Protein chains: 2
Amino acid sequence: MSDHNPRTRRRGEELLKAIHDAVLEEVVEVGAGRLTMDGIARRAATPRTTLYRRWSDPLEVLLDALYHQHPVEEPTAGADDLRGDLIRALRLMVDWALSPAGRAVAAILTDPKSAALMSEALFERVFANRGGTFTRTVLQHYADRGHFPAELLTPVVTDIGEALVTKRLIDGAPPSDEDLAAMVDQAILPAIGSPPGSRSGPGGGSR
Amino acid sequence: MSDHNPRTRRRGEELLKAIHDAVLEEVVEVGAGRLTMDGIARRAATPRTTLYRRWSDPLEVLLDALYHQHPVEEPTAGADDLRGDLIRALRLMVDWALSPAGRAVAAILTDPKSAALMSEALFERVFANRGGTFTRTVLQHYADRGHFPAELLTPVVTDIGEALVTKRLIDGAPPSDEDLAAMVDQAILPAIGSPPGSRSGPGGGSR
DNA sequence: GAAATTAGATACATAGCTGTAGCTAATGCC
DNA sequence: GGCATTAGCTACAGCTATGTATCTAATTTC
């Protein structure tokens, strides 16, 4: 990994980052259930004692690493292109999910022990406020401007895009841009009143 | 667990079932990454040697247990009730997902080691042919009978229901029947040409 | 430059899982 | 009833992770 001069010595932020990076790599490789202080320490090239000074458990290290991650980029609504904005929002989500942090979250969510340790607060910060809001932001923007009836913006509808992307990721086939466009055209837009089949491809009419 | 008379001795099918049950309970409790021969053996109340006679690894035991599970009930298309059939299909999926076998599959899918061991064949048998086909069967049935244009039955559209259910399960809030109805009304039916808002509740028109 | 921090290098006893071996005894089959 | 199978029991050596303790030395702070 990051081979620092053995005569120099990492401290504070630098060391912390090395440990956070290590635990994220480790969890992607071995899974949340097989995380060990030993494994993390080896990968970060630091003695285990350094880890025990701050955390008491491998999962604490992992959760702390997630807590310190940079938030994902917020999807922004463009000028007047609902369809394009939706596709871009889903692309943001895919990119995040494929990052070490995204994979780590996936590993945590199905691990009983870490799921129990994951506080409501962290869940909000790391998942709900990220993985749950990609298309809603965009849809809300256009609903506010009257592009479609606001009462169609139900919890189900704001979940469609994220749900379809999540399923593809689980199936092991990360969606391409064409796949994302298909999701928008064939599932999200029909749900807000644009009949299916009224679009064909890029530029095929966003409203 | 199952306390059999210590003077009697389990063999063959009976013993195998006890072990399969044990590993499914174990994985739900500790996660795929923390499965051990020891833990499985303790829960099945059998010596570890018995396990090693058949399997070489805890994950092998788990995959074998899944392989021997009864297939889930196939969704059946009723007389002329697309909406009701879709809801029933999703209900089948939810029930399966909440069962020990369903939870075990979830645990496997995000565990790097077990995902690597899971053969294409088992994946098909246990997931694709089950978790991936609940609504497609129903939709295909009604498309064949001309209830809606068959060309609308794209891979995205047949995934909508399963995807929404999966997301709810991940979020830890298993959907109620009302939730399932909302998914059908607000996401699936619009995608096959039934405009959103044209239904309100049970009996609100299936086409 | 001296003092206070804090990382790095050991070492060690404990605990749990692993994989195998050797034996006893219950069960099924002919 | 006798034989082949196959659970069940016990033991054991090897390995890895756990937590803690102790000491050294680099880096920051004043």
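In the block above lies the structure referred to throughout.
Residues numbered from 1 in each chain as written. Chains lettered and ligands numbered in written order. Predicted model: local features only at pLDDT ≥ 70, side-chain atom pairs only at ≥ 80, totals over all residues.

**As for the overall build of chain A**
At step 1: Regarding its fold elements, chain A presents eleven helices and zero strands.
At step 2: From first element to last, N terminus to C terminus, chain A shows the α and β order α-α-α-α-α-α-α-α-α-α-α.
At step 3: Per-residue burial over chain A gives 41% buried out of 207 residues.
At step 4: Excluding contacts between residues fewer than 6 apart, the proportion of contacts in chain A whose partners are at least 24 apart in sequence is 65%. (Helix = DSSP H or I, 4+ residues; strand = E, 2+ residues; numbered from the N terminus. Buried ≥ 20, exposed ≤ 12 C-beta atoms within 10 Å, placed from the backbone. Contact = placed C-beta atoms within 7 Å.)

**Description of the protein's contact with DNA strand D**
At step 1: Thr-8, Arg-9, Thr-36 and Met-37 of chain A together with Thr-46 of chain B are the nearest of the 22 residues found near DNA strand D.
At step 2: Secondary structure elements with two or more residues in the surface near DNA strand D: α2 (37–44) and α3 (48–52) of chain A together with α1 (12–30) and α3 (48–52) of chain B. (Near = placed C-beta within 6 Å.)

**Here's the deal with the protein's contact with DNA strand C**
At step 1: As a matter of local geometry, DNA strand C sits amid 22 residues, with Thr-46 of chain A together with Thr-8, Arg-9, Thr-36 and Met-37 of chain B nearest to it.
At step 2: Class assignment of the residues belonging to the surface near DNA strand C gives a composition of six nonpolar, eight polar and eight charged. (Nonpolar A, V, L, I, M, F, W, Y, C, P; charged D, E, K, R; others polar.)

**Re the interface of chain A and chain B**
At step 1: On the side of chain B, 36 residues touch chain A, which itself brings 35 residues to the contact.
At step 2: Looking at the side of chain A that touches chain B, the elements that each hand over two or more residues are α1 (12–30), α6 (100–109), α7 (112–117), α10 (155–170) and α11 (177–191) of chain A.
At step 3: The element that contributes the greatest number of residues to the side of chain A that touches chain B is α10 of chain A, accounting for ten residues.
At step 4: For the side of chain A that touches chain B, the per-class residue count stands at 20 nonpolar, eight polar and seven charged.

**Digging into the nonpolar core**
At step 1: Counting 55 residues, the largest nonpolar core has Leu-90, Ile-160 and Ala-187 of chain A together with Leu-90, Ile-160 and Ala-187 of chain B as the members making the most contacts within it.
At step 2: Elements supplying a minimum of two residues to this core: α5 (82–98), α9 (134–144), α10 and α11 of chain A together with α5 (82–98), α9 (134–144), α10 (155–170) and α11 (177–191) of chain B.
At step 3: When neighbours within four sequence positions are excluded, Ile-160 of chain A is seen to be in contact with Ala-187, Ile-188 and Ala-191 of chain A together with Ile-160, Leu-164 and Ala-187 of chain B. (Core = buried A, V, L, I, M, F, W, Y, C linked by C-beta atoms within 7 Å.)

**Some points on helix α2 (residues 37–44) of chain B**
All names here are of chain B.
At step 1: For α2, every residue scored as buried is listed here: Ile-40, Ala-41 and Ala-44. Axial view of α2: buried residues confined to an arc of 95°, hence all on one face.
At step 2: Check the buried side of α2 and you find it contacts α1, α3 and α4 (58–67).
At step 3: Looking one or two residues past α2, Ala-45 carries a phi angle of roughly 55°, positive in sign. (Arc of directions from axis to C-beta.)

**Let's talk about unusual backbone geometry**
At step 1: Even without being a glycine, Ala-45 of chain A presents a positive backbone phi close to 55°.
At step 2: Locating Ala-45 of chain A in the fold gives a position in the loop between α2 and α3.

**Remarks on the packing of α5 of chain A against α10 of chain A**
All names here are of chain A.
At step 1: Closest axis-to-axis distance for the α5/α10 pair is 10 Å, and the angle between their directions is 40°. Between α5 and α10, the crossing angle belongs to the class labelled oblique. As α5 runs across α10, the sense of the crossing is right-handed. In this structure, α5 uses Leu-86, Leu-90, Met-93, Val-94 and Ala-97 to contact α10, whose residues at the interface are Gly-161, Glu-162, Val-165 and Leu-169.
At step 2: For the contact of α5 with α10, the class distribution of residues is seven nonpolar, one polar and one charged. (Axes fitted to C-alpha atoms, helices over the stretch in contact; angles between N-to-C directions. Parallel < 35°, antiparallel > 145°, perpendicular 65-115°, else oblique. Left-handed = near helix turned anticlockwise from the far one by under 90°.)

**Details of the relation of the copies chain A and chain B**
At step 1: When chain A is fitted onto chain B, the two copies agree to an RMSD of 0.0 Å after a turn of 180° and an axial shift of 0.0 Å. Overall, the copies show the geometry of a two-fold rotation axis. Residue Gly-33 of chain A of chain A places its C-alpha closer to the rotation axis than any other residue of that unit, at 2.1 Å. (Least-squares fit on C-alpha atoms with pLDDT ≥ 70 in both.)

Taken by themselves, the reported measurements are silent on function.
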